[in-house]
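# Overview (structure and organization)
Listed below are the residues making up each chain.
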Amino acid sequence: MVYTKQEKDEIERVRKVFAEHIQQSPNYDLLWSDKVGYVWLSIEVGPLHVDTGMWIESAADFCEILLDDVADDVFEMTGNDHTLEDADPLELAEIKRRWKVYIEQLPEYAYLCEKLLNRSK
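This write-up is about the structure you can find in this document.

### What to know about helix α1 (residues 5–17)
The end-to-end C-alpha distance of α1 is 19 Å, a good match for the 18 Å that 13 residues give at a rise of 1.5 Å each. Listed in full, the buried residues belonging to α1 are Ile11, Glu12, Val14 and Val17.

### As for the packing of α1 against helix α3 (residues 59–78)
One way to put it is that α1 packs onto α3 with a least axis distance of 8 Å and a crossing angle of 20°. In terms of their interaxial angle, α1 and α3 are classed as roughly parallel. The hand of the α1/α3 crossing is right-handed. Contacts from Glu10, Ile11, Val14 and Arg15 of α1 reach α3 at Ala59, Phe62, Cys63 and Leu66. Here the contact of α1 with α3 is built from residues that sort into 6 nonpolar, no polar and 2 charged.

### Side note on a nonpolar patch on the surface
A cluster of nonpolar side chains, namely Val2, Val36 and Trp55, defines an oily patch on the protein surface of about 250 Å² accessible area. By the secondary structure assignment, Trp55 is in strand β3 (residues 49–55).

### Re the pairing of strand β2 (residues 37–44)
Counting buried residues along β2, 7 of its 8 residues qualify, which places the element largely inside the surrounding structure. In this antiparallel pair of consecutive strands, strand β1 (residues 28–33) and β2, the connection spans 3 residues.

Calculation rules
- Residues numbered from 1 in each chain as written.
- Predicted model: local features only at pLDDT ≥ 70, side-chain atom pairs only at ≥ 80, totals over all residues.
- Heavy atoms only, no water.
- Helix = DSSP H or I, 4+ residues; strand = E, 2+ residues; numbered from the N terminus.
- Expected span 1.5 Å × (residues − 1).
- Buried < 20%, exposed > 50% of the residue type's maximum accessible area, 1.4 Å probe, protein only.
- Axes fitted to C-alpha atoms, helices over the stretch in contact; angles between N-to-C directions.
- Parallel < 35°, antiparallel > 145°, perpendicular 65-115°, else oblique.
- Left-handed = near helix turned anticlockwise from the far one by under 90°.
- Contact = heavy atoms within 4.5 Å.
- Nonpolar A, V, L, I, M, F, W, Y, C, P; charged D, E, K, R; others polar.
- Patch = residues over 30% accessible without salt bridge, like charges linked within 9 Å, V, L, I, M, F, W, Y side chains within 5 Å.
- Areas by Shrake-Rupley, 256 points an atom, 1.4 Å probe, with all protein chains shown as cover.
- Salt bridge = Lys/Arg side-chain N within 4 Å of Asp/Glu carboxyl O.
- Pairing = 2+ DSSP bridges.

Structure representation (structure tokens):
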């Protein structure tokens, strides 16, 4: 088995908190493989292209990927083609507002928000 029962249960807990976000995202999907465990699959539409998957090593890694994806959604909404490094104050406020919904349910991962924001500095 790739994960211990505790590790798999924790990844599942993160997955459940972000379930609606994952389901609604046209860009990514989460797959289970009996060979390697959870895989985060990148999808491009128009034309359809499935890119290399990323192995989900831990619940913390998965939560960080999802929080980063939530930030990307804000940039898509604003029509700005940039990252957290270039986010303006209004974008940052919206990103933090959206993150709050998830972090209230997963408070032990709040440090990831600061990590993502500090990575951009």
